[in-house]
Amino acid sequence: GLRSAVVALPLPAGAMDPMVKNQLSQQVKRHFLEFLENFRLKDESGQYEQELYYLEQAKTMVREQKRTLYVKIEHLEQVDPSVISFEAPVLREIIQCKYMLVRNSLNAAVPMLLSKLEDADLQEEIRRARETEEMKFVAAFYDLPLFSGIRDLRTDKLGKLVSISGTVTRTTEVKPELLVGTFMCNECNREVSGVAQEFKVTTPAVCPTRNCGNRSNWTLIGDTRTTRWGDWQRLRLQENEGEVPAGAMPRSMDVIVRDECCERCKPGDKVIITGSLIVVPDVPTMMNPSELKLQVRKSLQTRSDSSYGGGDGVKGLKGTGNRDLTYKMSFFGIFVDENSDWSSKGRGTGDNIRSDDKIYLSPADKAKFEAISNHTTSSGKKDVFDILARSVAPAIHGHLEVKKGILLMLIGALGKRTDEGIKLRGDINVLLLGDPATAKSAMLKWVSTFLPRAVFASGKSSTAAGLTASVVRDMDLDQERVIQPGALMLADNGICCIDEFERMDPKDQVAIHEAMEQQTITLSKAGIQATLNARASILASCLPKNTYYDPTQPLHKNCELTPPIMSRFDLIFVLQDVHNQDKDELVARHILDLHRKGDHQDRAQLNTAELQRYIRLSRTYRPKLTPEAHQRLVKCYKKLREDRTYVRGAAGVTVRQLESLIRLSESIARVHLEEKVTVNFVEQAFELQMDSLKRVERENIELEDPDGPVAPSAGETKAGEGADAQAPRKRSTKVTYADYQRIGGMIARHLYEKEVANEEVKEGQLIEWYLDQVEADITTEAQLDDQHHMIQLIISRMIEKDRVILVYRESDDVTKPEGRVLVKHPNYPVGAQIG
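Here the residue index of a chain counts from 1 through its sequence in written order. Where local features are concerned, this predicted model is filtered to residues with pLDDT of at least 70; where side-chain atom pairs are given and counted, the filter is 80 or more; whole-chain, interface and lining totals use all residues. Side-chain measures were taken over the full set of non-hydrogen atoms in the model, leaving aside hydrogen atoms and water.

A. Local environment of the sheet that holds strand E13 (residues 430–434). One bridge is not enough; two strands pair if DSSP finds at least two bridges between them. Strands are runs of DSSP state E lasting at least two residues, helices are runs of H or I lasting at least four, and both sets are numbered from the N terminus onward. If you walk across this open sheet you meet the 5 strands as E14-E17-E20-E13-E21, and the pairing is parallel. Two strands close off the open sheet at either side, each with one partner strand: strand E14 (454–458) and strand E21 (571–575). Averaged over all pairs of adjacent strands, the angle between strand axes in this sheet comes to 15°, irrespective of strand direction. Across 4 bridges, the pairing between strand E17 (residues 495–499) and strand E20 (residues 537–542) is parallel. Bridge pairing in E20 places Cys-497 opposite Leu-539. Two residues qualify as a contact provided that any one of their heavy atoms is within 4.5 Å of a heavy atom in the partner residue. Geometry is summarised by axes, namely lines fitted to C-alpha atoms with helices restricted to the contacting stretch, and by angles between N-to-C directions that run from 0 to 180 degrees. Each of E13, E14, E17, E20 and E21 touches helix H12 (residues 440–450); the most contacted strand, E17, lies at about 155° to it.

B. Local environment of the nonpolar core. Counting 57 residues, the largest nonpolar core has Leu-407, Leu-410, Val-447, Leu-539 and Leu-611 as its most contacted members. For this core, the element with the highest residue contribution is helix H11 (residues 400–411), accounting for 7 residues. Discounting chain neighbours no more than four positions away, the residues touching Leu-410 are Trp-446, Val-447, Phe-450, Leu-451, Ile-495, Ile-615 and Arg-619. Ranked by size, the runner-up nonpolar core spans 49 residues in total, among them Leu-55, Val-90, Leu-106 and Leu-122. What we call a nonpolar core is a set of buried Ala, Val, Leu, Ile, Met, Phe, Trp, Tyr and Cys residues that are connected through their side-chain atoms within 4.5 Å. Think of it in three bands: with a 1.4 Å probe and only protein chains considered, a residue is buried below 20% of the maximum accessible area for its type, exposed above 50%, and partly exposed in between.

C. A look at the state of the cysteines. Two cysteine sulfur atoms make up a disulfide if the distance between them is within 2.5 Å. Taken as a whole, this structure holds 0 disulfides when the rule is applied. Here Cys-188 is not cross-linked by a disulfide; its sulfur's nearest cysteine counterpart is in Cys-185, at 3.6 Å. Owing to a relative accessible area of 32%, Cys-188 belongs among the partly exposed residues under this scheme.

D. Spotlight on the sheet that holds strand E27 (residues 805–809). Judged by pairing direction, the sheet is antiparallel, and its 3 strands sit side by side in the order E26-E28-E27 without closing on themselves. With partners counted over all chains shown, the strands left at the sheet margins are strand E26 (761–762) and E27, one partner each. Taken together, the 2 bridges between E26 and strand E28 (residues 821–824) define a ladder with antiparallel strand orientation. From the neighbouring strand, Lys-762 faces E28, where its bridge partner is Val-821.

Here it is as structure tokens:
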């Protein structure tokens, strides 16, 4: 059987004997049908299961009115050898090597399989489907073990079954295609059916009626049963970044998909396409005149030579002659699947075992996730939020608050619609404002690889059109204007990461306003008026105005973003590069561990795949606000509005911050897998929103003892050693920022008044004056000692660091340094902020 047919395989398809070809097709059809009828999966113990896998799938296919049967290529070899009469590896080999040759036989096996279904309720539907759409049934193969790069597709792969992967850059609309036509002769009204089409409208060569020599006057009958139409669509597939050799531009390939594969993907998706390489004639006679070059046009008009079919014009491909027959490669796709572990939310991906509306977890996973969501610390507090936040970007040390923010952004809140149809967004936008080298870009890169629809853009090289959308003229579609999607549209339903946000031109930043709040992009350009969806969260990172964040200034003085944009971010995190010995040691150890082992999964409790599954599970919850949480939200908002010290931006606190609080609390409820938003969640959201800024703005000022642990110059006496022992205790005295400003202001004003009165002030006198001022608060000698020490440190800081006081003249007596004369710095206006 198959073996004898396979002997003929090495010949090219054209050289294959028609008999052998026919025989091969018949055998493949029979054996493939046999495989479909008998295939059973194996269970864990290695036994074959009861249900017939493909018969069950065929039933589902008929119920859902689908026409494609999905066959996993490995199953061809896993079938039980005792129930089939052919050699499974040979069948698989033929299907992979000669796919285009046996494609029709494979597809014909599918309707034959349907006739074997016994269900009475499906019989009627099967009969109807086979009558009208017998030819529409296809068998699609998926999960090929290897896939080729787009660069490696050469003619030796023609007709073989291969997979290619890449990013879809553009799709055309779905167009109809005439597969088999039925024509009517306009002279004697005879119908001629079964005219196969060859890449353009091919009419019958001559009318079969006797004495009617019509060769050119035909009308297509579009609605008879014998005319077959199909849908097709062309995708442009660009190769993945990883496959481009150094210094080369990414290549693209045209992919043609038919019927049910149409509209499976949109621009920006990363996909794997299984199918076969084909050649398409690129024939000038078939193009519309606008596409032709001038010389070709001239040569076409001079074609009155009788050898080219006389006055009948050109019919089909046979008539074109080989003068202008060039070919171009295309790829014919039979199966399109998302190339990602985590198909983006809510879209079927062809692998109809995994339906996306429900998430199916194994019992082990479910138990693990429930245990995590109920995990408590030793003090009895639930810490699921911290556990998950640690699993975000595990290669980055610390920054737990920021990771919490990113986790909430990945999970998102509920989008809502008002009765008037106004949309309230559910996506959370996060801004990271931080010093250089605080792992901002690393966080962004991690997020952009975590989701299938996440786009990474850099501020300086992004324009308004590149982020939103631009209108271009498409050469393929007769100079028609089409909209090309930008980064925000490609990240629809995902996350757009924008690095170096402050480097963007202000006029380009304005383009993001609408996308960030209304989540649409409206274009009004010549001849095109369109509103496009951009339901993306934005994760932006930017540097502060003077490279390093200045904790003494309010937030909006530190970053060069406009108030409208600032108010659209739900969370603003300030990452500071604080010099702290213990922390620096931990970070250094962490980084060296990464370089040595390259493994950082041991600390995070969940790996990436589990975190993705947990987030998918949490996104199925739709938490509602409880009345108590409702009141607490009102309270928090009022508190935010009253609190004058909380300066969120030049715009202050707006209603958007109230909406942010609602979104954050819903998202935190989802993290805990809860159906209700409780007061506790609202408080956590409020803390997250407040802390990220308050913590920085109210940074304590450390006063350092200039003498440090060095013994005083009074000599190596016992007293000297005592001072040495105490010095480290005194070395860092902390004073709050507000206190430092208040005391500094008092001292500066006092010096100024004395200066106006022409009196000299020595350091000792200044200290005594201050201690007199605060005399009422001092009760014990220890307090007096502390105050004395603190005011000394404050004065030395004002001289050395903030330059508010100048040393006018050093002390005459070396042993008494407090005898130096101090004056206010002439450039410092009294009452201004110090620092």
